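Read off the chains here:
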Number of protein chains: 2
Amino acid sequence: MTAIGFEKHDHSHCIADALSAAETRCKAQKLQFTPARRRVLEILLERHRAMGAYEILDILAAEGLGSQPPVAYRALDFLVKNGFAHRIERLNAYAACTHPGEQHVPAFLICRSCKAVAETETGLDSGRLGAAARDTGFVIEKVVVEAEGLCPGCAEAAA
Amino acid sequence: MTAIGFEKHDHSHCIADALSAAETRCKAQKLQFTPARRRVLEILLERHRAMGAYEILDILAAEGLGSQPPVAYRALDFLVKNGFAHRIERLNAYAACTHPGEQHVPAFLICRSCKAVAETETGLDSGRLGAAARDTGFVIEKVVVEAEGLCPGCAEAAA
DNA sequence: CATCACATGTTATAAGATAACGTTCGAGGC
DNA sequence: GCCTCGAACGTTATCTTATAACATGTGATG
């Protein structure tokens, strides 16, 4: 599994694909893909980076989709709960999931220079963390794995 | 490496040890172990769990060591920067380091029920995250690894 | 004893998140 | 058709977390 996020790709295409996939899945699971929810996901897909709730709210407000914090937080909660987006703890921010629908434990590579975020995958209790949990009897339910550093482009620029 | 934090131990002893070790190391590295910094570390060691900055500030305020947020944040910044404490991103909180002085990449096991936090260790670029970073050319500088679940005690109580 | 780095005191405000309440609206049962 | 219930939404207020900015103190060093 490699990270999705730093390589080039047909962006308008991937936005449309992701949105229609989300729509399909919502229909299948009887989830309400309301205008605000749809637009927030679209915003995250367009920007293709981690965004703060208030940054998203500003855009929604400019478009008349709501101007109070709960508007953004409710949409984000929905997207995160249903696997369409992830929360990046380290940044207090949110990013569209790059492989929604699949069951996975996300891990992130965050560039401290250009703020790009790539999503990759890890295991719930693999590696040393899992070993420590088994040793102590700790039951892992969720893990946050977030790496900070320099993305290929910025690393090269810095060298 | 197993997790430190859930097993029983002589607590007053470990506080005193950790404080004097910190004092020694500050002297060696010419760091100023000021009263506020010392007290904040002591508070974290006493409670032996993750604490919010304002929770710590309340204690400092009650003791006349300062009542404004920067007081707590400056002390915490010092402790984190010098490896005496860690910030837990998932909780927006801070905890004393359980093995300061040693070079390490901390990982945390956080009980969602009793809020206890155990610290263990992981690698900077081990596992699948490291593999993804190498594949893409991402340079990892820091990683956040935080697991949430049930500690041995709470898991047993829930079963 | 000047000076410079570092620490502290204080005020103000930024940034992130949620509680609480009433209203709206569509699906399903009657 | 109409009722009713739950999910979503609108709005106000507030809470928590964090930092900017600037003035003051203080101790080591030359």
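As the structure is a prediction and not an experimental result, all values here were calculated from the model. Along each chain, numbering runs from 1 in the same order as the chain's sequence is written. Key to labels: chains lettered from A, ligands numbered from 1, both in the order written. Per-residue local features are limited, in this predicted model, to residues with pLDDT of at least 70; the limit for side-chain atom pairs, both in listing and counting, is 80 or more; totals at the level of whole chains, interfaces and linings are taken over all residues. Heavy atoms from the whole structure form the basis of all side-chain values; hydrogens and water molecules are not counted.

1. With respect to the overall build of chain A
In step 1: Secondary structure assignment for chain A yields six helices and five strands.
In step 2: Runs of H or I in DSSP of at least four residues are treated as helices and runs of E of at least two as strands, each being numbered from the N terminus. What you see in chain A, going N to C, is helices and strands ordered as α-α-α-α-β-β-β-β-α-β-α.
In step 3: Our radius of gyration is a C-alpha quantity, and the globule rule it is checked against amounts to 2.2 Å times the number of residues to the power 0.38. Taking 2.2 N^0.38 as the reference for a compact globule, 159 residues should give roughly 15 Å; the C-alpha atoms of chain A span a radius of gyration of 17 Å, in line with that estimate.
In step 4: Accessible area is worked out with a 1.4 Å probe on protein chains only. A residue is then buried under 20% of its type maximum, exposed over 50%, and partly exposed in between. By residue count, 45% of the 159 residues in chain A fall in the buried class.
In step 5: The contact criterion used throughout is that any non-hydrogen atoms of two residues lie within 4.5 Å. Within chain A, counting contacts between residues at least 6 apart in sequence, those at least 24 apart form 48% of the total.
In step 6: Where accessible areas are quoted, they stem from the Shrake-Rupley method and a 1.4 Å probe; at the residue level, only the protein chains shown are allowed to cover. Carbon and sulfur atoms make up 52% of the accessible area of chain A, which totals about 7,900 Å².
In step 7: By the counting scheme adopted, Arg and Lys are positive, Glu and Asp are negative, and His together with the chain ends is not counted. A charge is said to be at NZ when it belongs to Lys, at CZ for Arg, at CG for Asp and at CD for Glu. When the 18 basic and 20 acidic side-chain charges of chain A are each reduced to a single mean position, those positions are 4 Å apart.

2. Quick notes on the domain arrangement of chain A
Residue and element names in this part refer to chain A.
In step 1: Boundary definitions for the domains trace back to an automatic or database domain assignment. Here chain A is described as being made up of domain 1 (8–98) and domain 2 (104–159).
In step 2: In this structure, domain 1 and domain 2 have C-alpha centres spaced 22 Å apart.
In step 3: Of the residues lining the interface, 11 residues belong to domain 1; the matching set on domain 2 comes to 10 residues.
In step 4: When two parts are brought into contact, each loses some accessible area as probed by a 1.4 Å sphere; the total of that loss over both is the buried area. Together domain 1 and domain 2 conceal approximately 890 Å² of surface at their shared face, both sides included; 61% is due to carbon and sulfur atoms.

3. What about the state of the cysteines?
In step 1: Only a pair of cysteine sulfur atoms within 2.5 Å counts as a disulfide in this structure description. Applying the stated rule across the entire model yields zero disulfides over all chains.
In step 2: With no disulfide of its own, Cys111 of chain A lies 3.7 Å from the sulfur of Cys114 of chain A, the closest cysteine sulfur.
In step 3: Assessed through its relative accessible area of 0%, Cys111 of chain A is described here as buried.
In step 4: For Cys26 of chain B, which is in no disulfide, the shortest distance to another cysteine sulfur is to Cys97 of chain B and amounts to 13 Å.
In step 5: Judged by its relative accessible area of 1%, Cys26 of chain B is buried.

4. A few points about unusual backbone geometry
All names here are of chain A.
In step 1: Positioned with a positive phi, Asn92 is a non-glycine residue whose angle comes to about 45°.
In step 2: Along the chain, the position of Asn92 falls in the loop between strand S1 (85–88) and strand S2 (93–96).
In step 3: Of note in this structure, Lys115 is not a glycine but carries a positive phi near 70°.
In step 4: Looking at the element boundaries, Lys115 is found in the loop between strand S3 (105–111) and strand S4 (117–122).

5. What about the protein's contact with DNA strand D?
In step 1: A cutoff of 4 Å decides nearness: a residue is near a molecule or strand if any of its heavy atoms lies inside that distance of it. Around DNA strand D, a shell composed of 14 residues is seen, among which Thr34 and Arg74 of chain A together with Tyr54, Tyr73 and Arg87 of chain B lie nearest.
In step 2: Counting only atoms of DNA strand D within 4 Å of the protein, the sugar-phosphate share comes to 43%.
In step 3: Side-chain atoms alone can form a polar contact between residues adjacent in sequence; in general such a contact is a pair of N or O atoms within 3.5 Å, and within protein one must be able to donate a hydrogen while the other accepts it. Arg74 of chain B places a side-chain nitrogen or oxygen 3.4 Å from a base nitrogen of DNA strand D.
In step 4: When residues of the surface near DNA strand D are traced back to their parent elements, those giving at least two are helix H4 (69–81) of chain A together with helix H4 (69–81) of chain B.
In step 5: Here the element with the most residues in the surface near DNA strand D is H4 of chain B; it accounts for four residues.
In step 6: Broken down by class, the residue content of the surface near DNA strand D amounts to six nonpolar, four polar and four charged. Side-chain classes are defined by residue name, with Ala, Val, Leu, Ile, Met, Phe, Trp, Tyr, Cys and Pro counting as nonpolar, Asp, Glu, Lys and Arg as charged, and the others, Gly among them, as polar.

6. Side note on the relation of the copies chain B and chain A
In step 1: Least squares is the method for superposing the copies, and the C-alpha atoms it fits come from residues with pLDDT of at least 70 in both. Expressed as a screw transformation, the operator carrying chain B onto chain A has a rotation angle of 180° and an axial translation of 0.0 Å, and the superposed copies differ by an RMSD of 0.0 Å. Overall, the copies show the geometry of a two-fold rotation axis. Of every C-alpha in chain B, the one belonging to Val145 of chain B sits nearest the axis of rotation, 2.4 Å from it.
In step 2: Comparing interface residues between copies, 100% of those in chain B also lie at the interface in chain A; the contact surface is shared.

7. Things to note about helix H5 (residues 127–136) of chain B
In step 1: Along H5 of chain B, the positions that sit buried rather than exposed are Leu129, Gly130, Ala132 and Ala133 of chain B. Seen from one end, H5 of chain B has its buried residues packed into an arc of 160°, which puts them on one side. In this structure, H5 of chain B carries Gly127, Arg134 and Asp135 of chain B as exposed residues pointing more than 90 degrees from its buried face.
In step 2: Against the buried residues of H5 of chain B lie S3, S4 and strand S5 (139–150) of chain A together with strand S5 (139–150) of chain B. Regarding the arc, it is the one traced by the directions from the helix axis to the C-beta atoms.

8. As for the protein's contact with DNA strand C
In step 1: Around DNA strand C, the surrounding shell holds 14 residues, and the nearest of these are Tyr54, Tyr73 and Arg87 of chain A together with Thr34 and Arg74 of chain B.
In step 2: In DNA strand C, atoms within 4 Å of the protein come 44% from sugar and phosphate.
In step 3: Gln32 of chain B is positioned with one of its side-chain polar atoms (N or O) 3.4 Å from a sugar or linking oxygen of DNA strand C.
In step 4: Interatomic distance of 2.7 Å between a side-chain N/O atom of Arg74 of chain B and a base oxygen of DNA strand C.
In step 5: Those elements that provide at least two residues to the surface near DNA strand C are H4 of chain A together with H4 of chain B.
In step 6: Per-element accounting of the surface near DNA strand C gives the leading share, four residues, to H4 of chain A.
In step 7: Taken together, the residues of the surface near DNA strand C sort by class into six nonpolar, four polar and four charged.

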